[in-house]
Amino acid sequence: MTATTGLCDTVSDDAALVVRAQIDRGAFGPLYQRYADLVFRYCYRRLGEQEAAADATSQIFIKAITGLPGCNPEKFRSWLFAIAHNVTIDMLRARKPERMDDDFAEPVDHAPGPEEQAVQNDENARLRDVMSQLPADQQRILELRLAGLTTVEIAEVLGRSRGAIDTAQCRAVQRLRVLFNEDRSRTKVLSNESI
């Protein structure tokens, strides 16, 4: 099975679940179970705090179940992430300027050991630092991609054309490579100086 086939199956499964949930809100549970973790991880990546991500996830699903009658069943996934995108933007705007915690790490289902956690914290901090140097639109595209959305879905979420998303994503990846190489070079110089 190809990735495209898998996505098509998910879209048709989602569509059937959405149609059922539009008739009976009690049938929304399987959609929630399918997307709650993905939405939470997306929010956590955007907001950097578990509590804020949990609050955002709750708001997103409340808005989703409330707005479900107007949802196109074939586009549920991109519609849900458009809600997530807007909720996280609203939450970021409402925040007072504050520095994000350096101990940012993506939540996982199992409890990693201290060494694994330290490595993960370093990698996440490095990715966050490097991504923060990208233009805001490129950051949003990469965050949605990391949440598992396709180019078409990202285009729908952001209200842009697929070509614009492809171009911005390509530029973002190229820029990330340059920034990671610069960061790696800077780290080598600093480690050599401390010897």
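Residues numbered from 1 in each chain as written. Predicted model: local features only at pLDDT ≥ 70, side-chain atom pairs only at ≥ 80, totals over all residues. Heavy atoms only, no water.

**Considerations on the packing of aromatic side chains**
As enumerated under the stated definition, the model contains six aromatic pairs in all. Aromatic side chains Phe 40 and Tyr 44 sit 5.9 Å apart centroid to centroid with 15° between the ring planes, which places their arrangement in the stacked category. Linking Phe 40 with Tyr 44, this pair stays in helix α2 (residues 29-47), spanning four residues, or about one helical turn. Among the residues examined, Tyr 44 registers a relative accessible area of 8% and is labelled buried. With a centroid separation of 5.8 Å and an interplanar angle of 80°, the aromatic rings of Tyr 42 and Phe 81 are classed as edge-to-face. Here Tyr 42 is found in helix α2, whereas its partner Phe 81 is found in helix α4 (residues 76-94), with 39 residues between them in sequence. In this structure Phe 81 comes out as buried when scored by relative accessible area, which is 0%. (Phe/Tyr/Trp six-rings, centres within 6.5 Å; stacked < 30°, edge-to-face > 60°. Helix = DSSP H or I, 4+ residues; strand = E, 2+ residues; numbered from the N terminus. Buried < 20%, exposed > 50% of the residue type's maximum accessible area, 1.4 Å probe, protein only.)

**What to know about the environment of Leu 149**
Along the chain, Leu 149 falls in the loop between α6 (136-146) and α7 (151-158). When its relative accessible area of 1% is taken as the criterion, Leu 149 is described as buried. Sequence separation between Leu 149 and Ser 78 is 71 residues, and the spatial gap between their C-alpha atoms is 7.5 Å. Sequence-distant contacts of Leu 149, that is, excluding residues within four places in its chain, are made with Arg 77, Phe 81, Leu 144, Ile 154 and Val 157. (Contact = heavy atoms within 4.5 Å.)

**Some details on the side chain of Arg 77**
Within the secondary structure, Arg 77 sits in helix α4. A polar side-chain atom of Arg 77 sits 2.8 Å from a polar atom in the side chain of Glu 153. (Polar contact = N/O pair within 3.5 Å; in protein donor to acceptor, adjacent residues only side chain to side chain.)

**As for the side chain of Asp 14**
Among the secondary structure elements, Asp 14 is positioned in helix α1 (residues 3-23). Polar side-chain contacts of Asp 14 include one of 2.3 Å to the side chain of Tyr 35. Not counting chain neighbours up to four residues away, the residues in contact with Asp 14 comprise Leu 31, Arg 34, Tyr 35, Pro 73, Phe 76 and Arg 77.

**Things to note about helix α3 (residues 50-67)**
In this model, α3 (18 residues) spans 25 Å end to end at C-alpha, consistent with the 26 Å of a helix rising 1.5 Å per residue. Those residues of α3 that sit buried are Ala 52, Ala 53, Ala 56, Thr 57, Ile 60, Phe 61 and Ala 64. The buried residues of α3 occupy an angular sector of 160° when projected down its axis, which confines them to one face. Those residues of α3 that are exposed and aimed more than 90 degrees away from the buried face are Glu 51, Ile 62 and Thr 66. Buried positions along α3 lie against α2 and α4. (Expected span 1.5 Å × (residues − 1). Arc of directions from axis to C-beta.)

**Some details on the packing of α2 against α3**
Running from amino to carboxyl end, α2 crosses α3 at an angle of 135°, the nearest separation of the two axes being 8 Å. In this view, α2 runs oblique relative to α3, as classed from their interaxial angle. The two elements α2 and α3 cross, and the hand of that crossing is right-handed. Listed contacts from α3 to Tyr 32, Tyr 35, Ala 36, Val 39, Phe 40, Cys 43, Tyr 44 and Leu 47 of α2 are Gln 50, Ala 52, Ala 53, Ala 54, Ala 56, Thr 57, Ile 60 and Phe 61. For the contact of α2 with α3, the residue count by class is 14 nonpolar, two polar and no charged. (Axes fitted to C-alpha atoms, helices over the stretch in contact; angles between N-to-C directions. Parallel < 35°, antiparallel > 145°, perpendicular 65-115°, else oblique. Left-handed = near helix turned anticlockwise from the far one by under 90°. Nonpolar A, V, L, I, M, F, W, Y, C, P; charged D, E, K, R; others polar.)

Fair warning: the whole summary comes from geometry, so function is off the table for now.
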